[in-house]
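Geometric and topological summary
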Amino acid sequence: MNQLIDWITIKNYKDILFFICNGIAKIEINRPRYCNAFRVKTVEEMINAIEICGNRTDIDVLIITGNGNKYFCSGGDQRTRGPGGYLGEDGQPRLNILNFYKKIRELPKPVIAMVNGFSVGGGHVLHVVCDLTIASNNAIFSQVGPKVGSFDGGFGSSYLARNVGQKKAREIWFLCKKYNAKEALDMGLINKIVDINELENETIKWCKIIQKRSPMCLRLIKRCLNAELDGQHGLMQLAGDATLMFYLMEESQEGKKAFLEKRDPNFKKFKKFL
């Protein structure tokens, strides 16, 4: 990894590392002993971190990765799986990773999966739901759900099919084969392959390019790309951002001022566009 990046810890957690450097945030699953598999605690911490990313104006883009150079994420920790979901510290079964997937889609900033090894099961879904995926040349992609009595009928299947096509998505789920980085790139599953030693360098380069782009344009194009697949929820988010843009316009301000000044608004002074 790039030793020139001066990562600064945003907040300390038990299962993840959370950094920032020059407007770029990074969430790193820090459970290498368990192949960076997530448990309820891990997901709770990732949700908290991504919410911080959404609330901080000094964060432009988010990287999600795993600790080390062998595993990006191997999905749910089967050691903690019970009837009905993964067991938290309170003994209650949960599938809170689904909430984290939604948070990635909802974040009005680009999210890049920096895949540094095996991306398996729920870890495979994790990279799929990110906006972009940059993978190391030793990366391996695989679904294992049907092998362990699990599946993802949401983004892990529907959005996967939008990326690689229905036939390939069914192959990925039905056969649970392993695909190397070149195979993943050829099927449209990822965006780029780089040497493991250059993975962070290249990801940072992409982040810096993104930081030169209009943040409102990036926000809206992400909403637009999500809207069709996300149904009414996606349309609500797109509509919310359209409202945000309108609130910034003088025409919207006139309505507010007129209300506070107890007069009729003068909308006639604003140009109509064809």
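For the structure itself, look to the data block above.
Residues numbered from 1 in each chain as written. Predicted model: local features only at pLDDT ≥ 70, side-chain atom pairs only at ≥ 80, totals over all residues. Heavy atoms only, no water.

**Structural notes on unusual backbone geometry**
The criterion, for reference: Under the DSSP-based scheme used, a helix requires at least four consecutive residues in state H or I and a strand at least two consecutive residues in state E, with every element numbered from the N terminus.
One non-glycine residue, Asn22, lies in positive phi territory at about 50°. A positive phi angle, close to 55°, is found at Lys262, a residue other than glycine. One can find Lys262 in the segment after helix H10 (250-260).

**Comments concerning the pairing of strand E3 (residues 24-29)**
Under the convention used in this document: The classification of residues rests on relative accessible area computed with a 1.4 Å probe and restricted to protein chains. Under 20% of the type maximum is buried, over 50% is exposed, and intermediate values are partly exposed. Whether two strands pair depends on DSSP finding at least two bridges between them. A crossover counts as right-handed when, viewed with the strands pointing away from the observer, the path leading from the first strand over the helix to the second turns clockwise.
The buried count for E3 comes to six of six residues, which makes it a mostly enclosed element. Burial along E3 is two-sided: the residues Ile24, Lys26 and Glu28 and Ala25, Ile27 and Ile29 are all buried. Where strand E2 (residues 16-21) lies against E3, six bridges are found, and the strand directions are antiparallel. Note on E3: the bridge partner recorded for Cys21 is Ile24. What sits between E2 and E3 in their antiparallel hairpin is a turn of two residues, with Asn22 showing a positive phi close to 50°. Where E3 lies against strand E4 (residues 61-66), six bridges are found, and the strand directions are parallel. The residue of E4 that forms the bridge with Ala25 is Leu62. Handedness of the crossover joining E3 and E4 through helix H1 (residues 40-55) is recorded here as right-handed.

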